[in-house]
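Architecture and fold: a report
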Amino acid sequence: MANNGDSIKITNSVSGNATILALGKAFPQQLVMQDYLVDGFFKSTNCTDHELKQKLTRLCKTTTVKTRYVVMSEEILKNYPELATEGLPTVKQRLDISNKAVTQMAIDASLSCIEAWGRPLSSITHLVYVSSSEARFPGGDLHLARGLGLKPDVRRIMLAFTGCSGGVAGLRVAKDLAENNPGSRVLLATSETTIVGFRPPSAQRPYDLVGVALFGDGAGAVILGADPVPGVEKPLFELTSAIQQYLPDTEKTIDGRLTEEGIKFQLGRELPQVIESHVEEFCKKMLKDTVCSGAEYNDLFWAVHPGGPAILSKVEGRLQLKPDKLSASRDALRDFGNASSNTIVYVLENLVEESKKKREKGEEDSEWGLILAFGPGITFEGILARNLVC
């Protein structure tokens, strides 16, 4: 991109734009250390295939993940041993566990977020709920609203099976609600678990091991609203514009099916290359005719969903980003794995902490940046945002 030689700086908030007012997260109790995952997984699934074990060991080293949280536990496998048995119809059991778990994690993340926000629960007017880990009627949005004690007339919407792009899609929807309903305060909650796709290792499905090495469980929450109340609300980011785009003829690259054995999920090997080939064009589209249209990519901050280390490396290489530009994403991947729609919340929290440290040290920080995620479709989600912490 061209560089005009002048740094981009705007001192006045744009009235009417949605802002992120608070962030929150929550996790299940089971903390998995990556160094011990392989032995535990093969023991719990009664698998003795040495070649598969070696493959998973290699994958665990390449993912850069160090710790993750998961719903799955010894107690669950003791009560439901069929989950570790190949070929049994277990979707009912999986959904019974998952539906309960994602609701509780979403409640916990939301309460953490509301506490950070500092306003009463009754001030929430809209609820956006995102999950690819449940299937039921009524949906998780109602179960979350009831669990939190939200007013019966809170306006709800649920985004289901949006995968890794779901968190940014939820921000886009919440942004529209906040900006088109004066005085509204929108709670966005995301919650995911890998229980629905948990299966024993199989030589016929070697790609399953990628998920075992990479994915984690948890929940995230965000409060959004336009025109923050001075002295009461402390906005973290202003969301200026948002776009979504899918890539034709790529729908099989991220493929998931709900079957009698749970969700069968497969990532195409070409996914990082496909993202690399299209990410710069997408970013140019987001920045066109905006205050950032003349900025270098390294003048911006970057909140990129960490789908995996290969995806982050491809984005970094194509955009010629400095190594520290994706540190918030790499740290989230290291600490929580790829937690699907939740992970962008963890990335944004990392960016807030980075900005606070830079401000304390008197260091310059990027005021404008992009929030990006890639999900089934292949779908690109992007938001141009302003950092209000720096």
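Residues numbered from 1 in each chain as written. Predicted model: local features only at pLDDT ≥ 70, side-chain atom pairs only at ≥ 80, totals over all residues. Heavy atoms only, no water.

Going by what an unreviewed UniProt entry lists, the protein chain is known as Chalcone synthase and is assigned to Rhynchospora pubera. Here the protein chain is described in UniProt, under the heading Sequence similarities (unreviewed entry), as follows: "Belongs to the thiolase-like superfamily. Chalcone/stilbene synthases family." (UniProt positions renumbered as here; feature names shortened; annotations may be inferred.)

Our focus in this paragraph is the overall build of the protein chain. Each helix and strand counted, the protein chain has eleven helices and 13 strands in total. In the protein chain, which comprises 390 residues, the proportion classed as buried is 54%. Across the protein chain, contacts joining residues at least 24 apart in sequence account for 81% of those joining residues at least 6 apart. When the accessible area of the protein chain is evaluated, it comes to approximately 17,600 Å², of which 50% is carbon and sulfur surface. (Helix = DSSP H or I, 4+ residues; strand = E, 2+ residues; numbered from the N terminus. Buried < 20%, exposed > 50% of the residue type's maximum accessible area, 1.4 Å probe, protein only. Contact = heavy atoms within 4.5 Å. Areas by Shrake-Rupley, 256 points an atom, 1.4 Å probe, with all protein chains shown as cover.)

Our focus in this paragraph is a nonpolar patch on the surface. Taken together, the side chains of Leu31, Met33 and Tyr36 make up a nonpolar region of the molecular surface, amounting to roughly 340 Å² of accessible area. Relative to the elements of secondary structure, Met33 occurs in strand 2 (residues 30-33). The partly exposed category is assigned to Met33, whose relative accessible area is 39%. (Patch = residues over 30% accessible without salt bridge, like charges linked within 9 Å, V, L, I, M, F, W, Y side chains within 5 Å. Salt bridge = Lys/Arg side-chain N within 4 Å of Asp/Glu carboxyl O.)

The terminal C-alpha atoms of helix 8 (residues 271-287) lie 24 Å apart, and with 17 residues this matches the ideal 24 Å at 1.5 Å per residue to within 8%. Remark: the principal bend of helix 8, roughly 40°, maps to His278. Where helix 8 is concerned, the buried positions are Leu271, Pro272, Val274, Ile275, Glu276, Val279, Phe282, Cys283, Met286 and Leu287. A positive phi of about 60° marks Asp289, the residue just after helix 8. (Expected span 1.5 Å × (residues − 1). Bend = angle between axes of the 7 residues up to and from the residue.)

Below, the discussion takes up the UniProt feature "domain: Chalcone/stilbene synthase C-terminal" (unreviewed entry) in the protein chain. UniProt annotation of "domain: Chalcone/stilbene synthase C-terminal" (unreviewed entry) refers to residues 238-387 when read in the numbering used here. Across residues 238-387, the secondary structure splits into 38% helix and 28% strand, with the terminal C-alpha atoms separated by 7 Å.

Next up on the list: helix 1 (residues 34-44). Within helix 1 the residues assigned to the buried category are Gln34, Leu37, Val38, Phe41 and Phe42. Along the axis of helix 1, the buried residues cluster in a sector spanning 105°; they form a single face. Seen from the open side of helix 1, the exposed residues pointing more than 90 degrees away from its buried face are Asp35, Tyr36, Asp39 and Lys43. For helix 1, the secondary structure elements touched by its buried residues are strand 2, helix 2 (50-62), strand 3 (67-70) and helix 7 (208-214). (Arc of directions from axis to C-beta.)

What follows concerns the pairing of strand 11 (residues 301-304). Neither face of strand 11 is open: one carries Phe301 and Ala303, the other Trp302 and Val304, and all of them are buried. Bridge count between strand 11 and strand 12 (residues 368-375): four bridges; the pairing is parallel. Each residue of the ladder has a partner; that of Phe301, found in strand 12, is Gly369. (Pairing = 2+ DSSP bridges.)

This part is about the pattern of salt bridges. On inspection of all chains with the given rule, the structure shows 22 salt bridges. Here Arg205 makes a salt bridge to Glu86, at a shortest N to O gap of 2.7 Å. Of the two residues, Arg205 is situated in the loop between strand 6 (186-192) and helix 7 and Glu86 in the loop between helix 3 (74-79) and helix 4 (91-117); the sequence distance between them amounts to 119 residues. By relative accessible area, Arg205 is classed as buried at 8%. Of the charged contacts in the structure, one is a salt bridge between Lys264 and Glu261, with a shortest N-O distance of 3.6 Å.

Attention shifts here to the packing of aromatic side chains. The final tally for this structure, using the stated rule, is eleven aromatic pairs. When the centroid spacing of 5.8 Å and the interplanar angle of 55° are considered together, the rings of Phe237 and Phe301 count as tilted. Remark: Phe301 occurs in strand 11 and Phe237 occurs in strand 8 (residues 237-246); sequence separation between them is 64 residues. Per residue, the accessibility class of Phe237 equals that of Phe301, and both read buried. Each ring, one from Phe374 and one from Phe380, has its centre 4.8 Å from the other, and the planes form 65°; the classification is edge-to-face. Assigned by exposure class, Phe374 and Phe380 land together as buried. (Phe/Tyr/Trp six-rings, centres within 6.5 Å; stacked < 30°, edge-to-face > 60°.)

Remark: helix 1 packs on helix 2, axes separated minimally by 9 Å, with the N-to-C direction vectors making an angle of 155°. Our classification of the angle between helix 1 and helix 2 gives roughly antiparallel. In this structure, the crossing between helix 1 and helix 2 has a hand that is right-handed. The segment helix 1 lies against helix 2, with Gln34, Leu37, Val38, Asp39, Phe41 and Phe42 engaging Leu52, Lys53, Leu56, Thr57 and Cys60. Among the residues forming the contact of helix 1 with helix 2, the class breakdown is seven nonpolar, two polar and two charged. (Axes fitted to C-alpha atoms, helices over the stretch in contact; angles between N-to-C directions. Parallel < 35°, antiparallel > 145°, perpendicular 65-115°, else oblique. Left-handed = near helix turned anticlockwise from the far one by under 90°. Nonpolar A, V, L, I, M, F, W, Y, C, P; charged D, E, K, R; others polar.)

In this section: the pairing of strand 9 (residues 254-259). Both strand 9 and strand 10 (residues 262-267) contribute to a ladder of six bridges, which runs antiparallel. Paired with Arg257 across the two strands is Lys264, which belongs to strand 10.

Turning next to the packing of helix 9 (residues 309-319) against helix 10 (residues 327-336). Helix packing geometry: the angle between the two helix axes and the distance between the axes. It is at 11 Å that the axes of helix 9 and helix 10 come closest, and there the two elements cross at 175°. The angle between helix 9 and helix 10 places the two elements in the roughly antiparallel class. Contact residues: helix 9 offers Pro309, Leu312, Ser313 and Glu316, while helix 10 offers Ser329, Arg330 and Leu333. Of the residues assigned to the contact of helix 9 with helix 10, the class counts are three nonpolar, two polar and two charged.

Time to look at the environment of Lys100. Within the fold, Lys100 resides in helix 4. With a relative accessible area of 66%, Lys100 lands in the exposed category. C-alpha of Lys100 to C-alpha of Glu134: the two residues are 34 residues apart in sequence and 9.1 Å apart in space.

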